[in-house]
Amino acid sequence: MQASKQHRRSAMSNALYYQPLPEVEAACYLFPFQTFDPQLCHSDISSQGSNCSIQTSLEKYCTLESSSSMGFAIYNSPTNMSFSPNGSTISQYESQSYPLDPHHSPDNNYGSSMTDEADELKHKLRELENLMLEPDSDMLDNYESALRGGTALSEMDGWKQTMEAIPKKDLKQVLVACAKAVSENDILTAHWLMDEMRQMVSVSGEPIQRLGAYMLEGLIARLASSGSLIYKSLTCKEPASSELLSSMHVLYEVCPYFKFGYMSANGAIAEAMKDENRVHIIDFQIGQGSQWVTLIQAFAARPGGPPHIRITGIDDSNSAYALGGGLNSVGQRLSRLAESFKVPFEFHGAAMSGCEVQLENLKIRPGEALAVNFAFMLRHMPDESVSTQNHRDRLLRLVKGLSPKVVTLVEQESNTNTAPFFPRFLEALNYYTAMFESIDATLPREHKERINVEQHCLARDIVNVIACEGIERVERHELLGKWKSRFQMAGFTPYPLSSLVNATIKTLLESYCDKYRLEERDGALYLGWMNRDLVASCAWK
């Protein structure tokens, strides 16, 4: 009997991993990235109480000037603000000219003290402007000495590092400094650094330049309080289905992240269902259904014949995953595939988001062994920090009540859910740097498909993580340790990993760059790029 089971497991595994993959897709949110026009956006958000105006040219901010030869003092307009050494706004007047009279001011509120203050500020601003144009070490030292009395040493160190990073074109350092300024509502410093970064980023440059282009757009959107507007506009301006699906396919092929996720999940399901005659699989984000192609083929090769398979595919009809004909087309493609392999098959589509799923939508039948698949999906469910309904944990409790034989989880290994903006920005910068570097190892920088993959598959997520808050921020990644806590609180226990699946994934990685690494620890599999974990997979029962 034991030998028979071993033979069955071996036969299914060979079919599961070594069959051709038609119509493959990557499981990621995919939308075109639109260049953000701050001027257009400003008109849209002005009614919402935005207190800043971002101009496409990002004008110079050292603009408090005087003209002694003309005998007039120029007071700044709102678009020409002045700032103190720490970057805070100190004046915002209507543009008017007045004779230089020590007792006169635009609103009879500014006398000789205002003129003295303006002269002193002008002197400091000119020092800063010179520093910006010629940031050599002597000037940096002079600037530090001039401001030491009113600025903390740590702030001065930050300024010095930033001023040194710009001529060195250290884009990563400037991105961090800009995000810090945005987090502290230091508007003018943020504007200036954005202007500098526009000269450094490029969608066809090095990985950090390409990532920087999308992170810069996210920072601009956040500063303009328009992240949700951009996010919604991207939703409405998707590329043609064929172009989007092509980008999904390219990403699936050039990076092993999604193959790893699908393969590890399918392996756990095949192992749990090896002796079952009727199998029901609930996929909470089925997309184009490509994950199930190899599993159907594996069941077809099972000694003793395949089981009856029923798949319930859930997906929001408005999401990118639903492109290409919707759930009906997904069901038809899988049905034709199953028929060609002589596998008894049923498909039930549920066009709704995970937040809307209730027990009656899952069509549970007695006598069926149940498997539930959460592949790259749960991070989009709002948790207790966003909604009192806490759909993230509600779904886990709902599924546990169904007594499944196995539940698979595949998620990006990142921590952006409840982190405040600045540490969240640093986490996203670190995570997506590794992602962009891994793409760079496979696709040439000038390759049109590479640009499409990054714009359609990654840019939207990056903008959402950086620019949006509250219910509008749907990209809410958690580390596997947190997911384990959630599963355990819902009553699940770990399902052991299959050594055969692990060995097969290692074989898969041999066809990719040697900088990818696979690690098994604490009952889970991690796929990473160099020293950064990017995707984690585990199973529960």
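Here, every reference points to the structure presented above.
Residues numbered from 1 in each chain as written. Predicted model: local features only at pLDDT ≥ 70, side-chain atom pairs only at ≥ 80, totals over all residues. Heavy atoms only, no water.

Trainee: Give me the overall build of the protein: which residues, what numbers.
Mentor: Along the protein, the regular secondary structure elements total 18 helices and 13 strands. Across the 541 residues of the protein, 55% fall into the buried class. Contacts in the protein between residues at least 24 apart in sequence constitute 75% of all its contacts with a sequence separation of at least 6. A total accessible area of about 23000 Å² is found for the protein, and carbon and sulfur atoms account for 49% of it. (Helix = DSSP H or I, 4+ residues; strand = E, 2+ residues; numbered from the N terminus. Buried < 20%, exposed > 50% of the residue type's maximum accessible area, 1.4 Å probe, protein only. Contact = heavy atoms within 4.5 Å. Areas by Shrake-Rupley, 256 points an atom, 1.4 Å probe, with all protein chains shown as cover.)

Trainee: Describe in detail the packing of helix H6 (residues 171–183) against helix H8 (residues 207–223), supporting the description with residues and values.
Mentor: The geometry of a pair of packed helices is captured by two quantities: the angle between their axes and the separation between those axes. One way to put it is that H6 packs onto H8 with a least axis distance of 11 Å and a crossing angle of 10°. Of the possible angle classes, the one that applies to H6 and H8 is roughly parallel. Contacts between H6 and H8 involve Leu171, Lys172, Leu175, Cys178, Ala179 and Val182 from the former and Ile208, Gln209, Gly212, Met215, Leu219, Arg222 and Leu223 from the latter. (Axes fitted to C-alpha atoms, helices over the stretch in contact; angles between N-to-C directions. Parallel < 35°, antiparallel > 145°, perpendicular 65-115°, else oblique.)

Trainee: Mind laying out the nonpolar core, listing which residues take part and the relevant values?
Mentor: Residues Met194, Leu219 and Tyr257 are the most contacted members of the largest nonpolar core, which totals 70 residues. Take this core: its biggest share by element is 11 residues, from helix H15 (residues 421–440). Membership of the second largest hydrophobic core comes to 30 residues, among which are Met377, Leu409, Ala524 and Ala536. (Core = buried A, V, L, I, M, F, W, Y, C linked by side-chain atoms within 4.5 Å.)

Trainee: If you had to explain the environment of Glu437 to someone new, which residues and values would you point to?
Mentor: In this fold, Glu437 is placed in helix H15. Since its relative accessible area comes to 31%, Glu437 is described here as partly exposed. For the pair formed by Glu437 and Ile208, sequence separation is 229 residues and the distance between their alpha carbons is 8.1 Å. Among all residues touching Glu437, those that are not within four sequence positions of it are Pro207 and Trp529.

Trainee: Explain H8 to me, using residue names and the numbers behind them.
Mentor: A rise of 1.5 Å per residue sets the reference length of H8, with its 17 residues, at 24 Å; its end C-alpha atoms lie 24 Å apart and thus fit the reference within 8%. Counting buried positions over the 17 residues of H8 gives 14, a clear majority of the element. Of the residues one or two after H8, Ser225 is the one with positive phi, at around 55°. (Expected span 1.5 Å × (residues − 1).)

Trainee: Talk me through the pattern of salt bridges; I want residue IDs and the actual numbers.
Mentor: Enumeration according to the criterion identifies 24 salt bridges in this entry. Note that Arg379 is salt-bridged to Glu411, the shortest N-O span being 3.5 Å. Of this pair, Arg379 sits in the loop between strand S9 (369–375) and helix H14 (391–400) while Glu411 sits in strand S10 (residues 406–412), and the two are 32 residues apart along the sequence. The shortest N-O distance in the salt bridge between Arg379 and Glu475 comes to 2.9 Å. Here Glu475 lies in the loop between helix H16 (448–467) and helix H17 (480–489) and Arg379 lies in the loop between S9 and H14, a separation of 96 residues in the sequence. (Salt bridge = Lys/Arg side-chain N within 4 Å of Asp/Glu carboxyl O.)

Trainee: Outline the packing of aromatic side chains, listing residues and values.
Mentor: Using the criterion set out here, one finds 11 aromatic pairs in the structure. When the centroid spacing of 6.0 Å and the interplanar angle of 35° are considered together, the rings of Tyr252 and Tyr262 count as tilted. Taken together, the residues Tyr252 in helix H10 (residues 241–254) and Tyr262 in helix H11 (residues 257–272) connect sequence positions 10 residues apart. Overall, Tyr252 belongs to the buried group, its relative accessible area being 4%. Summarising the aromatic geometry, the rings of Tyr257 and Tyr516 are spaced 5.7 Å apart at their centres and angled 70° between planes, so their arrangement reads as edge-to-face. Within this pair, whereas Tyr257 is found in helix H11, its partner Tyr516 is found in strand S11 (residues 516–521), the two being separated by 259 residues in sequence. The exposure class assigned to Tyr257 is buried, which follows from its relative accessible area of 1%. We classify Tyr516 as buried; its relative accessible area is 7%. (Phe/Tyr/Trp six-rings, centres within 6.5 Å; stacked < 30°, edge-to-face > 60°.)

Trainee: Can you explain the pairing of strand S6 (residues 278–283)? Please cite residues and give values.
Mentor: On a regular strand, one side chain projects to one face of the sheet and the next to the other, so that they alternate. In terms of burial, S6 is a largely internal element, 5 of the 6 residues being buried. Sheet analysis places S6 next to strand S7 (residues 308–315), joined by 6 bridges and oriented parallel. The partner of Ile281 across the bridge, within S7, is Ile311. Regarding the hand of the β-α-β motif, the stretch spanning S6, helix H12 (residues 291–300) and S7 is right-handed. Looking at chain direction, S6 and S9 are connected through 5 bridges and run parallel. Each residue of the ladder has a partner; that of Ile281, found in S9, is Ala371. (Pairing = 2+ DSSP bridges. Right-handed = clockwise from strand over helix to strand, strands pointing away.)

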